[in-house]
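# Structural features, examined
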Amino acid sequence: MNHIAEFLKYLCLHRFGNEWLALGIGIAASIALLFSLLARLSWFLELFTNFIPQYALCLLLSIGVLLLYKRLDLALCLLPFLIICIIKIAPLYMPPKMEPPEQNAKVYKLISYNVFSSNHNVAGIEAFIEKENPDFI
């Protein structure tokens, strides 16, 4: 039995080493990314849209390992999927374009007051509302 375990260990470490593991992880992340792109077809496929940063990380690590093993051809096959992930993630980290408000823009005041049901201090709430003079409550 010990010989079988050593043979499997040799087979996994030498024949199907880290480059194949990295390629498998990259392919799995690519397939999951493709599922997320088809999210409008099914609610099940929409679940894959929640993990795009994780797909990007898996693809980045896979491409890095493949480049360490000098498998440029396999790394280039995964690169478009990494670019798609970056395109989907990058807008989340860029500030939105804010236009300055117009000179004569009307400003409204909104207040929110969290009232605990056992609070019987109605006069305090009324005083706060009168003091703030909001447009909307």
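Let me begin by describing the structure that accompanies this report. All figures in this text were calculated on a predicted structure; none of them were measured in a lab.

Tallied over the full model, the rule gives 5 aromatic pairs. Among the aromatic residues, ring-to-ring pairing joins Phe35, Trp43, Phe44 and Phe48 into one connected group. Positioned above the aromatic ring of tyrosine 108, the side-chain terminus of lysine 106 is 5.5 Å from the ring centre.

Moving on to the pattern of salt bridges. Across all of its chains, the model carries 4 salt bridges by this definition. As a salt-bridge pair, aspartate 73 and arginine 71 come within 3.6 Å of each other at their nearest N and O atoms. Arginine 71 sits in the partly exposed class, given a relative accessible area of 23%. Measuring nitrogen to oxygen at the nearest pair gives 3.9 Å for the salt bridge that ties glutamate 132 to lysine 131. Connected through shared salt-bridge partners, Glu19, Arg71 and Asp73 make up one network.

Time to look at helix H4 (residues 52–68). Each full turn of the α-helix corresponds to 3.6 residues, which orients residues three or four apart in the same direction. If you check H4, its first and last C-alpha atoms are 24 Å apart, about what 17 residues at 1.5 Å a residue would give, namely 24 Å. Restricting attention to buried positions, one finds in H4 the residues Ile52, Tyr55, Ala56, Leu59, Ser62, Ile63 and Leu66. Each buried residue of H4 sits inside an arc of 130° when the element is viewed along its axis, so together they form one side. Those residues of H4 that are exposed and aimed more than 90 degrees away from the buried face are Leu60, Leu61 and Leu68. Here the buried face of H4 lies against helix H2 (18–37) and helix H5 (72–89).

One way to put it is that H2 packs onto H4 with a least axis distance of 8 Å and a crossing angle of 150°. Our classification of the angle between H2 and H4 gives roughly antiparallel. Crossing angle aside, the handedness with which H2 passes H4 is left-handed. Touching Asn18, Glu19, Ala22, Leu23, Ile25, Gly26, Ala29, Ser30, Ala32, Leu33 and Ser36 of H2 are Ile52, Tyr55, Cys58, Leu59, Ser62, Val65 and Leu66, all from H4.

Glancing now at the nonpolar core. With 17 residues, the main nonpolar core has Ile52, Tyr55, Leu59, Leu66, Leu78 and Cys85 as its most contacted residues. Among the secondary structure elements, those contributing two or more residues to this core are H2, H4 and H5. Excluding residues that lie within four positions of it along the chain, leucine 59 makes contacts with Gly26, Ala29, Ser30, Leu78, Phe81, Leu82 and Cys85.

Cut-offs applied
For every chain, the first residue of its written sequence is number 1, and the numbers climb from 1 along that sequence. Thresholds applied to this predicted model are a pLDDT of at least 70 for local features of residues and 80 or more for the giving and counting of side-chain atom pairs; totals over whole chains, interfaces and linings are not thresholded and use all residues. Side-chain metrics rest on all non-hydrogen atoms present in the structure, leaving aside hydrogens and water. Here is the rule: rings of Phe, Tyr and Trp (six-membered ring for Trp) pair when centre to centre is within 6.5 Å. Planes less than 30 degrees apart are stacked, more than 60 are edge-to-face, and the remainder are tilted. Cation placement over rings: the criterion is NZ of Lys or CZ of Arg within 6 Å of the ring centroid and within 35° of the ring normal. A carboxyl oxygen of Asp or Glu within 4 Å of a side-chain nitrogen of Lys or Arg is what we treat as a salt bridge. Between buried and exposed lies partly exposed: a residue is buried under 20% and exposed over 50% of the maximum accessible area for its type, with that area taken using a 1.4 Å probe on protein chains only. A helix here means a DSSP run of H or I that spans at least four residues, while a strand means a run of E at least two residues long, and both kinds are numbered starting from the N terminus. A helix's residues, less one, multiplied by 1.5 Å, set its expected span. The arc in question is traced by the directions running from the helix axis to the C-beta atoms. Throughout, a residue-residue contact means that at least one pair of heavy atoms, one from each residue, lies within 4.5 Å. Axis definition: a line fitted to C-alpha atoms, over the contacting stretch in the case of helices. Angles run 0 to 180 degrees between N-to-C directions. In these notes the angle categories are as follows: under 35 degrees is roughly parallel, over 145 is roughly antiparallel, 65 to 115 is roughly perpendicular, and the rest is oblique. Less than a right angle of anticlockwise turn of the near helix away from the far helix marks a crossing as left-handed, whereas a clockwise turn marks it as right-handed. Here, nonpolar core means buried Ala, Val, Leu, Ile, Met, Phe, Trp, Tyr and Cys residues that are tied together by side-chain atoms lying within 4.5 Å of each other.

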